Amino acid sequence: MIILEKSGLVTAIDADNLLISSANEVKEVKDYSTMAGFEKMFDWMQSFSEIRYARIYLPSGQINANNDLWHNLWEKYRKEFPLKYVYCPKKESTNPWEKEDNVDLHLIEDTQEMAKCYAGRFKYFCLASGYKDYSSL
């Protein structure tokens, strides 16, 4: 865990859901930029408070498919705040209705752990996702 020295904003980002949601935009909007979308999201977060720590959760398929995006985000923001990528490998499933990736599980468990570890040391917590699977948090 990162030590938070000052109060601010901590965020957990479900990159898989955001990329799936943005895939539809790419088809509909000329010159759509996923990087610009992430930049706008970070700008919006920083309008509330300075970002102190960001975690981006990725399934295996998104790591290589968007390697340039992840590198460019890290290069742009690494001096502003710690940006950590959390690799969420696929899991073996015996249930055909269960999702293969476990991004949701990783994000929920890590978010609960971050809330306990950083209790009282952050002003805002932002959960970025393309749907409301995380409403229980």
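Up top you'll find the structure we're talking about.
Before we go on, may I ask you to explain the sheet that holds strand β1 (residues 9-14) in this structure?
Pairing between the strands of a sheet comes from backbone hydrogen bonds, and it takes one of two forms, parallel or antiparallel. Spatial strand order, β3-β2-β1-β4: 4 strands in an open sheet with parallel pairing. What marks the edges here is a single partner per strand, and that holds for β3 (83-88) and β4 (124-128). Between one strand axis and the next, the sheet turns through 15° on average, direction left out of account. Alignment of β1 against β4, held across 5 bridges, turns out to be parallel.

Is there a simple way to think about the environment of S49 in this case?
The topology assignment puts S49 in the loop between α2 (34-46) and β2 (51-59). With a relative accessible area of 13%, S49 lands in the buried category. With 40 residues separating them in the primary sequence, S49 and L9 have C-alpha atoms 5.7 Å apart. When sequence neighbours within four positions are dropped, the list of residues in contact with S49 reads G8, L9, K123 and Y124.

Can you walk me through the pattern of salt bridges in this structure?
Here the idea is simple: oppositely charged side chains can pair when their charged atoms come close. For the structure on display, the rule yields 4 salt bridges. Across the pair D110 and R55 runs a salt bridge whose closest N-O atoms are separated by 2.9 Å. Taken together, the residues span a long stretch of sequence, with D110 in helix α5 (residues 103-117) and R55 in strand β2 at a distance of 55 residues. Comparing D110 with R55, the two get one shared label, buried. Between R78 and E75 there is a salt bridge, with its nearest N and O atoms 3.5 Å apart. According to the relative accessible area criterion, R78 is partly exposed, its value standing at 37%.

Can you walk me through α2 in this structure?
The periodicity of an α-helix, 3.6 residues per turn, causes residues three or four positions apart to be oriented the same way. The end-to-end C-alpha distance of α2, which contains 13 residues, comes to 18 Å, matching closely the 18 Å that a straight helix rising 1.5 Å per residue would cover. Taken as a whole, α2 has its buried residues at M35, F38, M41, F42 and M45. Angular distribution of buried residues about the axis of α2 spans 125°; they occupy a single face of the element. Turned more than 90 degrees off the buried face of α2, the exposed positions are K40 and D43.

Explain the nonpolar core here, please?
Side chains of nonpolar character tend, in soluble globular proteins, to be buried together. Within the largest apolar cluster, 22 residues are counted, with the highest numbers of intra-cluster contacts made by I13, F38, F42, M45, I56, W70 and L73. Element by element, the count of residues in this core is highest for α2, at 5 residues. Excluding its chain neighbours within four sequence positions, the residues that come into contact with F42 are I13, I51, A54, L73, Y77, F81 and L83. Counting residues in each nonpolar core, the second largest holds 11 residues, with V10, Y53, C88 and Y134 among its members.

Is there a simple way to think about a nonpolar patch on the surface in this case?
A grouping of W44, F48 and Y124 is seen on the molecular surface, where their side chains present a nonpolar patch of about 320 Å² in accessible area. Given the relative accessible area of 32%, Y124 is considered partly exposed.

Would you mind showing me how to read the packing of α2 against helix α4 (residues 67-77) here?
Angle between the axes and distance between the axes: these two values describe a pair of packed helices. Interaxial distance between α2 and α4 falls to 10 Å at its minimum, and their mutual angle equals 35°. Crossing handedness for the pair α2 and α4: right-handed. From α2, T34, M35, F38, E39 and F42 reach across to α4, where they touch L69, W70, N72, L73, K76 and Y77. Each residue belonging to the contact of α2 with α4 can be placed in one class, and the counts come to 7 nonpolar, 2 polar and 2 charged.

Criteria and cut-off values
- For every chain, the first residue of the written sequence is number 1, and numbering continues from 1 onward in sequence order.
- Reporting of local features is limited, given that this is a predicted model, to residues whose pLDDT is at least 70; pairs of side-chain atoms are given and counted only at 80 or more, and all residues count toward the totals for whole chains, interfaces and linings.
- No hydrogens and no water enter the side-chain calculation; it runs on all heavy atoms of the structure.
- Paired strands, as defined in this entry, are two strands with at least two bridges between them according to DSSP.
- Each helix is a run of H or I in the DSSP string that is no shorter than four residues. Each strand is a run of E no shorter than two, and both are numbered from the N terminus.
- As a rule, the C-alpha atoms of each element are fitted with a line to give its axis, helices using only the stretch in contact, and angles between N-to-C directions run from 0 to 180 degrees.
- Working definition: with a 1.4 Å probe on protein chains only, accessible area under 20% of the residue-type maximum means buried, over 50% means exposed, and in between means partly exposed.
- Contacts are assigned to residue pairs with any non-hydrogen atoms lying within 4.5 Å of each other.
- By salt bridge we mean one thing: a side-chain nitrogen of Lys or Arg within 4 Å of a carboxyl oxygen of Asp or Glu.
- Expected helix span is taken as 1.5 Å per residue step, with the number of steps being one fewer than the number of residues.
- Arc, as used here, means the arc of the directions from the helix axis to the C-beta atoms.
- In this description, a nonpolar core means a group of buried Ala, Val, Leu, Ile, Met, Phe, Trp, Tyr and Cys residues linked to one another through side-chain atoms lying within 4.5 Å.
- Patches were defined on residues exceeding 30% relative accessible area and lacking a salt bridge, with like-charge contacts within 9 Å and nonpolar side-chain contacts (Val, Leu, Ile, Met, Phe, Trp, Tyr) within 5 Å.
- All accessibility values rest on the Shrake-Rupley procedure with a 1.4 Å probe; residue burial counts only the protein chains present in the view.
- Crossings are classed by handedness, with left-handed meaning an anticlockwise turn of the near helix from the far one by less than a right angle and right-handed meaning a clockwise turn.
- Following the grouping adopted for this structure description, the nonpolar residues are Ala, Val, Leu, Ile, Met, Phe, Trp, Tyr, Cys and Pro, the charged ones are Asp, Glu, Lys and Arg, and the polar ones are all others, Gly among them.

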